[in-house]
Amino acid sequence: MSRAERILLGVNIDHAATLRQARYRGNHESIHAEPSPLTFAQEALAGGADGITIHLREDRRHIQEEDVYAIAKLAGVRLNLEMACTAEMVAFAHKLKPAAVCLVPESREEITTEGGLDVVKHFRRVEETVNSLKQAGCEVSLFIEANTKQIEAALSTSAPVVELHTGAFANAWKTPEADKEFERLRNGCEKANQLGLIVNAGHGINYDNIKKIITLPHLHELNIGHTIVARALLVGARQAVSEMKANLNQTQ
Ligand code: PXP
């Protein structure tokens with residue numbers, strides 16, 4: 001896998017399912033259940049999404065297994081499954097064989113103080129999970145902080161990709177802390193690239209801070225969810241995605 005010429009957009013559609021679950025929890029298969037994450041994914045693809053990202057959480061708070069299977073069948077979709085490093089999820093990924101898997105923390109103790117997966121602390125388990133998923137043919141990324149120790153640990157697991165956590169930067173946006181957080185991300189991108197890792201990023205990116213995010217070096221793909229789903233309520237998913245794509249393509 002090599003870095004794309006332009007920054008790719010992975011659209012995270014979890015919150016389309018969050019809205020459905022707000023009314024149809026325990027009854028998501030009802031013929032009345034709406035909105036449909038599948039239709040949202042189709043519209044996102046029509047709007048130019050390069051991939052669809054979904055997080056099947058242990059508590060099934062938004063996306064359900066049926067959603068994953070239905071979206072995986074969409075013609076031409078490049079599915080990125082976010083999942084925890086658990087035996088249940090590894091078995092699920094082996095059955096589904098998505099193009100990409102991003103390993104994320106779900107329980108408090110797996111999270112670094114800043115917010116990403118603590119690969120240093122859980123090295124053995126993450127390494128085993130990476131190897132198992134690579135055998136299933138998935139391209140594996142690790143959702144980590146832009147921190148040298150975590151990036152080096154990610155490389156040692158043999159994961160080819162890291163997704164750097166942009167949440168702290170997004171929270172600091174328009175405050176005096178933003179420059180410091182941006183520098184941390186910039187250094188993380190440089191370090192990961194130097195080590196030969198593909199660099200993705202995500203969390204808390206919106207239509208405003210994207211203008212700064214795209215100036216980060218070596219970006220391959222951005223995974224963006226909440227802001228696109230929120231914008232879609234006003235202009236529709238297709239338009240919301242195409243507007244975000246226009247923002248990404250300003251680097252070209
Ligand atoms: N990347 C990862 C690994 C995520 O878990 C999420 C969802 O929290 C996102 C990206 C997208 O974040 P947001 O919904 O804030 O755009």
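Our subject in this report is the structure included herewith.

About the thresholds
- Residues numbered from 1 in each chain as written.
- Predicted model: local features only at pLDDT ≥ 70, side-chain atom pairs only at ≥ 80, totals over all residues.
- Heavy atoms only, no water.
- Buried < 20%, exposed > 50% of the residue type's maximum accessible area, 1.4 Å probe, protein only.
- Helix = DSSP H or I, 4+ residues; strand = E, 2+ residues; numbered from the N terminus.
- Pairing = 2+ DSSP bridges.
- Right-handed = clockwise from strand over helix to strand, strands pointing away.
- Near = heavy atom within 4 Å.
- Polar contact = N/O pair within 3.5 Å; in protein donor to acceptor, adjacent residues only side chain to side chain.
- 1 Å grid on protein atoms, 1.4 Å probe; cavity = no way out; pocket = protein on both sides within 12 Å on 5 of 7 lines; lining within 4 Å.
- Points joined across faces, edges and corners; volume = space filled by probe spheres on them.
- Nonpolar A, V, L, I, M, F, W, Y, C, P; charged D, E, K, R; others polar.

Looking along a regular strand, one sees the side chains alternate between the two faces of the sheet. Of all 5 residues making up strand E2 (residues 51–55), 5 are buried, and the element is well covered by its neighbours. By the bridge criterion, 3 bridges tie strand E1 (residues 8–12) to E2 in an arrangement that is parallel. When the bridges of E2 are listed, Val11 appears paired with Ile52. What joins E2 to strand E3 (residues 79–83) is helix H3 (residues 65–72), and the crossover it makes is right-handed.

Around the ligand, a shell composed of Asn12, Glu82, Val104, Phe143, Glu163, Gly202, His203, Gly204, Asn223, Ile224, Gly225 and His226 is seen. Between an oxygen atom of the ligand and a main-chain N or O atom of Gly204, the distance comes to 2.8 Å. In the model, an oxygen atom of the ligand is placed 2.8 Å from a nitrogen or oxygen of the Gly225 main chain.

Looking now at the layout of surface pockets. Size it by volume and the largest pocket reaches roughly 700 Å³. Lining the largest pocket we find 28 residues, and of these Asn12, His55, Glu82, Phe143 and His203 sit closest to its centre. Where the lining of the largest pocket is concerned, the elements lending two or more residues are helix H1 (14–24), strand E6 (161–165), strand E8 (219–224) and helix H10 (226–235). The residue makeup of the lining of the largest pocket, split by class, is 6 nonpolar, 14 polar and 8 charged. By volume, the second largest pocket is sized at about 160 Å³.

Secondary-structure assignment places Thr175 in the loop between helix H7 (167–172) and helix H8 (178–194). The spacing of Thr175 and Arg78 is 97 residues in sequence and 36 Å in space, taken between C-alpha atoms. Within the local environment of Thr175, its side chain forms a polar contact with the backbone oxygen of Ala172, the two atoms lying 2.6 Å apart.

Another point: empty space enclosed by the protein. On inspection of all chains with the given rule, the structure shows 2 cavities of 30 Å³ or more. Taken as a whole, the largest cavity encloses approximately 50 Å³ of empty space. Counting residues per element, the ones that place at least two in the lining of the largest cavity are strand E4 (100–103), strand E5 (139–144) and E8. Taken together, the residues of the lining of the largest cavity break down into 2 nonpolar, 4 polar and 4 charged. Each pocket or cavity is described by its volume, and for the second largest cavity that value is around 30 Å³. Taken together, Glu145, Ala146, His165, Ala168, Phe169, Glu181, Arg184 and Leu185 form the lining of the second largest cavity.

Right, let's get into unusual backbone geometry. Each neighbour pair has its own omega, and for Glu34 with Pro35 the value is -5 degrees, a cis peptide bond. Here Pro35 is to be found in the loop between H1 and helix H2 (37–46). We note that Ser158 has phi near 80 degrees; this positive angle belongs to a residue other than glycine. Positionally, Ser158 belongs in the loop between helix H6 (148–157) and E6.

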